[in-house]
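One-letter residues, chain by chain:
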Amino acid sequence: ITAMASFSLWRWVLARIKTILFWIPFMNKSFVILSSGRSGSTLLVQLLNCHPSIQCRGELLNREDIQKRKLVGAKDDHLIDYILEQLLPLKIWLSFTGFKIFNEQLEYCKLSFAKLLTALRNPPVIVLYRENFLETFVSLKIAFQTDIWYSEKRANEYAIEVDWEEFKNYMNVERARWAKTVSLISTKCKHLFISFEELEADQTVVIERIFSFLNLEFCPTSAVSIRQNPLPLHEKITNYKDIMEKIKECNSCIHLTSDWLDKCQ
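Computed from a predicted model, the values in this text were never measured in an experiment.

**Quick look at the overall build of the chain**
Then step 1. Across its full length, the chain holds 13 helices and 5 strands.
Then step 2. Of all intrachain contacts in the chain linking residues separated by at least 6 positions in sequence, the fraction that spans at least 24 positions is 81%.
Then step 3. Accessible area for the chain stands at about 14100 Å²; split by element, carbon and sulfur atoms hold 54% of it.

This is the structure we're talking about:
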């Protein structure tokens, strides 16, 4: 056996051992944050990690990480093994280890969400969504243009022009993604709907709900991240009046509501 083959064999054995350890009931439980980009998931992860019994990781299926690890186009089993390895707790007494995953990442990786949830023993899922599609879309466009995806000290004062057809397509795609994932978790896992707007309005109340959902005692939380695009929409969109007129003309609903998500179940 060559040195390279021997290394690959030991790497495979180590991956299997980690997977087996993950399944030991007393070791830890998992949870998932299901969200989409620019919906406050980084803030939520920081808040959850304030709890001594939680270790919450970030985007395990981040596109750049998947490319670096040469997992693009990988089979479901390989992607799930990678996720399980990342979820092994640093401290065995932790009650929960979790991570966040975006609808678009499941689509990009062509990963079966059903298989992932089964491998995680159908964990509790925190569904974090943003009600206003236009806010989310504008935040995404600004992030792509400025290449600023996270901030602790400086907020943007950036404005963009919104292409109506591009925005309409974005809404349709996002609704289809949410309908698919929410209908799936409703049959497999207990879940909790949280909106970005609720989190922004009162972090303490939302975090208390989440800790209760996970059967954990409340503890004070704090975060260092700030909202990157705090300006009102009419200041962030250079053609704001035109877009508002288009919305009225087409009678388009630009909101993702809890009622709509409930109907997807």
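**Quick word on the pairing of strand β4 (residues 125-129)**
Then step 1. Of all 5 residues making up β4, 5 are buried, and the element is well covered by its neighbours.
Then step 2. Burial along β4 is two-sided: the face carrying Val 125, Val 127 and Tyr 129 and the face carrying Ile 126 and Leu 128 are both buried.
Then step 3. Of the pairings in the sheet, the one linking strand β1 (residues 29-35) to β4 comprises 3 bridges and is parallel in character. Along β4, the bridge assignment pairs Ile 33 with Ile 126.
Then step 4. By the bridge criterion, 5 bridges tie β4 to strand β5 (residues 191-195) in an arrangement that is parallel. The residue of β5 that forms the bridge with Ile 126 is Leu 192.

**Remarks on the packing of helix α2 (residues 41-48) against helix α10 (residues 203-213)**
Then step 1. Interaxial distance between α2 and α10 falls to 11 Å at its minimum, and their mutual angle equals 65°. Overall, the two elements α2 and α10 adopt an arrangement that is roughly perpendicular. Crossing angle aside, the handedness with which α2 passes α10 is right-handed. For the pair α2 and α10, the contacting residues are Leu 43, Leu 44, Leu 47 and Leu 48 in the first and Gln 203, Ile 207, Ile 210 and Phe 211 in the second.
Then step 2. Along the lines of polarity and charge, the residues of the contact of α2 with α10 split into 7 nonpolar, 1 polar and no charged.

**Regarding the packing of helix α7 (residues 133-146) against helix α8 (residues 164-188)**
How two helices pack is summed up by the angle between their axes together with the distance between the axes.
Then step 1. Here α7 crosses α8 at 110°, and the two axes come no closer than 10 Å. By the angle class used here, α7 and α8 are roughly perpendicular. In the crossing of α7 with α8, the sense of the turn from one axis to the other is right-handed. Residue-level inspection shows Phe 133, Leu 134, Thr 136, Phe 137, Leu 140 and Lys 141 of α7 in contact with α8, the latter providing Glu 166, Phe 167, Tyr 170, Met 171, Glu 174 and Arg 175.
Then step 2. Considering only residue class, the contact of α7 with α8 consists of 7 nonpolar, 1 polar and 4 charged.

**A word on the side chain of Glu 174**
Then step 1. Its place among the elements puts Glu 174 in helix α8.
Then step 2. Residues within four places of Glu 174 in sequence aside, it is in contact with Ser 36, Glu 104 and Phe 133.

**Topic: the nonpolar core**
Then step 1. If you look at the biggest cluster of nonpolar residues, it comprises 51 residues, and the most contacted ones within it are Ile 83, Phe 99, Leu 111, Leu 116, Leu 134 and Phe 167.
Then step 2. Take this core: its biggest share by element is 7 residues, from α8.
Then step 3. Not counting residues up to four positions away in its chain, the partners in contact with Leu 134 are Phe 167, Leu 233, Ile 237, Ile 243, Met 244, Ile 247 and Ile 254.
Then step 4. Among the nonpolar cores identified, the runner-up in size contains 23 residues, and Phe 31, Ile 126, Phe 213 and Leu 214 belong to it.

**Considering the pattern of salt bridges**
Then step 1. Taken as a whole, this structure holds 11 salt bridges when the rule is applied.
Then step 2. The closest approach of N and O atoms between Glu 59 and Lys 100, which form a salt bridge, is 3.8 Å. Taken as a pair, Glu 59 in strand β2 (residues 54-59) and Lys 100 in strand β3 (residues 96-102) lie far apart in primary sequence, 41 residues in all.
Then step 3. Ionic pairing is found between Glu 107 and Arg 177, a salt bridge with its closest N-O pair at 2.8 Å. Taken together, the residues span a long stretch of sequence, with Glu 107 in helix α5 (residues 103-109) and Arg 177 in helix α8 at a distance of 70 residues.
Then step 4. Residue classification places Arg 177 among the buried residues on the basis of a relative accessible area of 17%.

Analysis parameters
Residues numbered from 1 in each chain as written. Predicted model: local features only at pLDDT ≥ 70, side-chain atom pairs only at ≥ 80, totals over all residues. Heavy atoms only, no water. Helix = DSSP H or I, 4+ residues; strand = E, 2+ residues; numbered from the N terminus. Contact = heavy atoms within 4.5 Å. Areas by Shrake-Rupley, 256 points an atom, 1.4 Å probe, with all protein chains shown as cover. Buried < 20%, exposed > 50% of the residue type's maximum accessible area, 1.4 Å probe, protein only. Pairing = 2+ DSSP bridges. Axes fitted to C-alpha atoms, helices over the stretch in contact; angles between N-to-C directions. Parallel < 35°, antiparallel > 145°, perpendicular 65-115°, else oblique. Left-handed = near helix turned anticlockwise from the far one by under 90°. Nonpolar A, V, L, I, M, F, W, Y, C, P; charged D, E, K, R; others polar. Core = buried A, V, L, I, M, F, W, Y, C linked by side-chain atoms within 4.5 Å. Salt bridge = Lys/Arg side-chain N within 4 Å of Asp/Glu carboxyl O.

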